[in-house]
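# Structure at a glance
As a plain string of letters, each chain reads:
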Amino acid sequence: MAHKNIVFLGKSIDNYIAGKHGELDWLDMIPNPDQHDMGYYALMNDIDAIVMGKNSFKTVLGFDIEWPYEKHVFVLSHSLKEIPKTLENKVTLLSGDIKEVLKTIHNKGFHNLYIDGGKIVQSFLKNDLIDELRLTTIPIVLGEGVPLFDILPKSLVFDHVKTEVFLDQIVQSHYKRKH
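The notes below deal with the structure included here. (Residues numbered from 1 in each chain as written. Predicted model: local features only at pLDDT ≥ 70, side-chain atom pairs only at ≥ 80, totals over all residues. Heavy atoms only, no water.)

## Quick look at unusual backbone geometry
- For Q35, which is not glycine, the phi dihedral falls at a positive 55°.
- Structurally, Q35 is set in the loop between β2 (16–18) and α1 (40–46).
- Of note in the backbone geometry, D168 takes a positive phi value of approximately 60° without being a glycine. (Helix = DSSP H or I, 4+ residues; strand = E, 2+ residues; numbered from the N terminus.)

## Concerning the packing of aromatic side chains
- Following the criterion strictly, the structure yields six aromatic pairs and no others.
- Centroid distance W67 to Y69: 5.3 Å. Interplanar angle 75°. Geometry classified as edge-to-face. Judged on exposure class, the residue W67 and its partner Y69 are both buried.
- Counting every residue linked through ring pairs, the aromatic cluster contains F8, Y40, Y41 and Y114. (Phe/Tyr/Trp six-rings, centres within 6.5 Å; stacked < 30°, edge-to-face > 60°. Buried < 20%, exposed > 50% of the residue type's maximum accessible area, 1.4 Å probe, protein only.)

## Observations regarding the pairing of strand β1 (residues 4–12)
- The element β1 is largely enclosed, with a buried count of seven among its nine residues.
- Taken together, the four bridges between β1 and strand β6 (residues 112–116) define a ladder with parallel strand orientation. Looking at β6, one finds that V7 is bridged to I115. (Pairing = 2+ DSSP bridges.)

## A word on the sheet that holds strand β7 (residues 132–138)
- One open sheet holds the eight strands; their spatial order is β5-β4-β3-β6-β1-β7-β10-β9, and the pairing between them is mixed. Here the strands that pair on one side only, and so sit at the sheet edges, are β5 (91–94) and β9 (158–166). Direction aside, the axes of adjacent strands within the sheet are offset by 20° on average.
- Both β7 and strand β10 (residues 170–177) contribute to a ladder of six bridges, which runs antiparallel. Bridging across to β10, L133 finds its partner in Y175.
- Packing of helix α2 (residues 54–61) onto the sheet brings it into contact with β3 (49–53), β4 (72–76), β5 and β6, and relative to β3 it is tilted by some 105°. (Axes fitted to C-alpha atoms, helices over the stretch in contact; angles between N-to-C directions. Contact = heavy atoms within 4.5 Å.)

In structure tokens form, the structure reads like this:
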């Protein structure tokens, strides 16, 4: 069975995915009165589950909203030991080697995954496990923060699929891994 790992992230012009203290407010700085989803629902139709790290999970929990995901979420963490009881059927906690974790997820029947969160995305890239990058650039230079990319053991080549502009200001580029 084919597997696909997709990154779908908002970033600053200088490739940060959060501010210095984890701030995300700048992601909504461009007014979006019609609530354009910018490809999010298409992504949700393309995936079976979401894989995120502890920090992303804690950020979502801190939004003070109902759990926003209909798809199953796998949280990768070595330090997190439990998840809230209300999310027991919606979230699975995993730890270990990234390739072993992926094997576990695939064995549970989840093959097309949305990979979310800075450290998790970097880890997947370091292991050459990303098939698609769908990157949405917000027109701001943060200067510092949580970087999207880290040093890689080798270059990874992608093919450009398409680029779209939303709200006349937000640029989303879609790339597929070239093998």
